[in-house]
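Secondary and tertiary structure notes
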Amino acid sequence: MKVSDRTHGVEYAIRDIATYARKYKASGREIIYLNIGDPVKFDFKTPDHIKKAMVEAVMRDENYYAESEGLPELRQAIVEKESEKGLSVTEEDVIVTNGVSEGLDMTMASIVDPNSEVLMPGPYYPPYASYTKFYGGRPVEFKLHGDGKPDLEDLRARITPRSRALCIISPNNPTGEVFDRKSLQQLIDIATEHDLYVICDEIYDKIVFDSQFTGIGKVAKDAPVILLNGFSKAYLMTGWRCGYIAMNSNSKKLAGFREDIPKLARVRIAANMPVQIAAVQALRGPQTHIPKMVDKLRARRDYVVKRLNSMAMHCKVPRGAFYVFPKIDLGTRWKDDQQFVIDLLKSTGVLTVHGSGFGSTYGSGHFRIVYLAPEEILEKAMDKLERFMSK
Ligand SMILES: Cc1ncc(COP(=O)(O)O)c(C=O)c1O
């Protein structure tokens, strides 16, 4: 029977590649999973006070539907967090979602029309393109300079009357690049000049290694900024699915969006109730696990980058998040990056993600490694990669 044409464009390389791994595993061989950015699958665990808040909420029978916009206490705690980062925001500007993923879906649903274009830095986190396509739009990649700063000329050249939004993902997945204040300011200026929504994903705001993180709120002024953030990474709540949309309260241009987003929030009823109660504790409770996590990740990043460099695999040093995105010297051995990733899996059991899954223009010819695993696992994976490359 007929299925919708819309769904054909939906891809998620990070999980799509796992189907190959399942076949490999069925043959009884061991897999080293370096494909999914889930810290809780490794040695980063949800802090006890957050788990306790969740369990107690369940046991108190707070298991009913929450308000569609989100639990008022959580929305208030989010206002405090995002205000500290510089965004002008009130409780009315916050919608709690089942993860940033749902927030992104709702955002694209309310701003993308058929044939409208959404600008995103290449390479990009795949759902930005998938949701754009799902709602009939076209993802348009713009270039970054070698130092990870946006190439403003390239961006300007890609703006057309159909451009609707500019996405900023900082720190970035898959490259770990972090935009500095000046770059953010330049992006906001261009978006303002061309009447573009600014969709800014700050899910890795707490996972930055070498520089200060600057929130988009610091430079947003009255620009139509839609901030996406959540609890998966810094608060180690990946499986619980909690995130939010926060709108710049200074922006008059967001009036239509502000009116429509709560409708989408109501039609999907609400975000998970006990998880929202735990999320309040995540924001208000002790934050001590975060610097410990960042220190551990910095050491793992340094180790993986050192090993890749010693194999002459070129990669930029990631400044945030937990991914590294090396270039592959394909030569005549591999047709493309996907074939490289599958060959690496079949030969060694090391599962990574092909770069073209993060955009054909800037992702192709690369692969993404997640460096969340403990050093002994990373060492094993790097040894296998080294042997594989020297074949
Ligand atoms: C940039 C970015 N945004 C959003 C997400 C998904 O977030 P959530 O778990 O809140 O849906 C990820 C997960 O890897 C990500 O890398």
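These figures come from a predicted structure and were not determined experimentally.

1. Observations concerning the domain arrangement of the protein chain
- One can read the domain layout of the protein chain as domain 1 (5–45 + 289–389) and domain 2 (48–284).
- Inter-centroid distance (C-alpha atoms) of domain 1 to domain 2 is 25 Å.
- At the junction of the two partners, domain 1 supplies 38 residues and domain 2 supplies 37 residues.
- In this assembly, domain 1 packs against domain 2 so that about 3,200 Å² is buried in total across both faces, 61% of it on carbon and sulfur atoms.
- Viewed at the interface, domain 2 and domain 1 are joined by three salt bridges.
- A salt bridge links Lys316 to Glu177, with the nearest nitrogen and oxygen atoms 2.7 Å apart.
- Remark: the boundary between domain 1 and domain 2 carries 16 residue pairs in polar contact (both at pLDDT 80 or more).
- Elements that contribute at least two residues to the side of domain 1 that touches domain 2 include exactly α12 (289–310), β9 (323–324) and α14 (360–363).
- In terms of residue class, the side of domain 1 that touches domain 2 is made up of 19 nonpolar, 10 polar and nine charged.

2. Considerations on the site of the ligand
- Inspection of the region around the ligand gives 13 residues, with Ser101, Asp201, Tyr204, Ser232 and Arg241 positioned closest.
- One nitrogen or oxygen atom from the main chain of Val100 is found 2.7 Å from an oxygen atom belonging to the ligand.
- Here Ser101 contributes a side-chain N or O atom positioned 2.5 Å from an oxygen atom of the ligand.
- Coverage of the ligand by the protein chains reaches 94% of its 400 Å² of free accessible surface.
- Among the elements that make up the shell around the ligand, the one with the highest residue count is helix α5 (residues 99–111) (three residues).
- Residue composition of the shell around the ligand, by class: six nonpolar, four polar and three charged.

3. Regarding a nonpolar patch on the surface
- Side chains of Val55, Val58 and Met59 sit close together on the surface and give an oily, nonpolar patch of about 290 Å² of accessible area.
- Position of Met59 relative to the elements: it lies in helix α3 (residues 48–59).
- Look at Met59 and you get exposed, because its relative accessible area is 65%.

4. Quick look at the environment of Ala282
- Structurally, Ala282 is set in helix α11 (residues 273–284).
- Overall, the relative accessible area of 0% leaves Ala282 in the buried class.
- Along the primary structure Ala282 and Tyr235 are separated by 47 residues, whereas in three dimensions their C-alpha atoms are 6.4 Å apart.
- Once you skip the residues sitting within four places of it in the chain, Ala282 turns out to touch Ile50, Phe231, Tyr235, Met237 and Gln287.

5. A short note on the sheet that holds strand β5 (residues 163–169)
- The strand order β2-β8-β7-β6-β5-β3-β4 describes an open sheet built from seven strands, whose pairing is mixed. Of all strands in the sheet, those with a lone pairing partner are β2 (94–97) and β4 (138–142), marking the two edges. Taking the axes of each pair of neighbouring strands and ignoring which way they run, one obtains an average angle of 20° across the sheet.
- Note that strand β7 (residues 225–230) and strand β8 (residues 243–247) share five bridges and pair antiparallel. Within β8, the residue paired with Gly230 across the bridge is Gly243.
- Relative to the sheet, helix α10 (residues 255–267) contacts β2, β6 (197–201), β7 and β8, its axis offset from that of β8 by approximately 160°.

6. Concerning the sheet that holds strand β12 (residues 367–370)
- The strand order across the open sheet built from three strands is β9-β12-β11, with neighbouring strands paired in antiparallel fashion. Each having just a single partner strand, β9 and β11 (353–354) make up the two edges of the open sheet.
- Pairing between β9 and β12: two bridges, direction antiparallel. The partner of Val324 across the bridge, within β12, is Ile369.

7. Side note on the side chain of Asn248
- Checked against the element boundaries, Asn248 lands in the loop between β8 and α10.
- Accessibility expressed as a relative area gives 1% for Asn248, which makes it buried.
- At 2.9 Å, the side chain of Asn248 forms a polar contact with the backbone oxygen of Lys221.
- If sequence neighbours within four positions are ignored, Asn248 has contacts with Leu87, Ser88, Ala220, Lys221, Asp222, Ala223, Val225, Leu254 and Arg258.

8. Section: α5
- The end-to-end C-alpha distance of α5 is 19 Å, a good match for the 18 Å that 13 residues give at a rise of 1.5 Å each.
- Regarding α5, the residues found buried are Gly99, Val100, Glu102, Gly103, Leu104, Met106, Thr107, Met108 and Ile111.

Cut-off values and rules
- Residues numbered from 1 in each chain as written.
- Predicted model: local features only at pLDDT ≥ 70, side-chain atom pairs only at ≥ 80, totals over all residues.
- Heavy atoms only, no water.
- Domains from an automatic or database assignment.
- Contact = heavy atoms within 4.5 Å.
- Buried area = accessible area lost by both parts, 1.4 Å probe.
- Salt bridge = Lys/Arg side-chain N within 4 Å of Asp/Glu carboxyl O.
- Polar contact = N/O pair within 3.5 Å; in protein donor to acceptor, adjacent residues only side chain to side chain.
- Helix = DSSP H or I, 4+ residues; strand = E, 2+ residues; numbered from the N terminus.
- Nonpolar A, V, L, I, M, F, W, Y, C, P; charged D, E, K, R; others polar.
- Near = heavy atom within 4 Å.
- Areas by Shrake-Rupley, 256 points an atom, 1.4 Å probe, with all protein chains shown as cover.
- Patch = residues over 30% accessible without salt bridge, like charges linked within 9 Å, V, L, I, M, F, W, Y side chains within 5 Å.
- Buried < 20%, exposed > 50% of the residue type's maximum accessible area, 1.4 Å probe, protein only.
- Pairing = 2+ DSSP bridges.
- Axes fitted to C-alpha atoms, helices over the stretch in contact; angles between N-to-C directions.
- Expected span 1.5 Å × (residues − 1).

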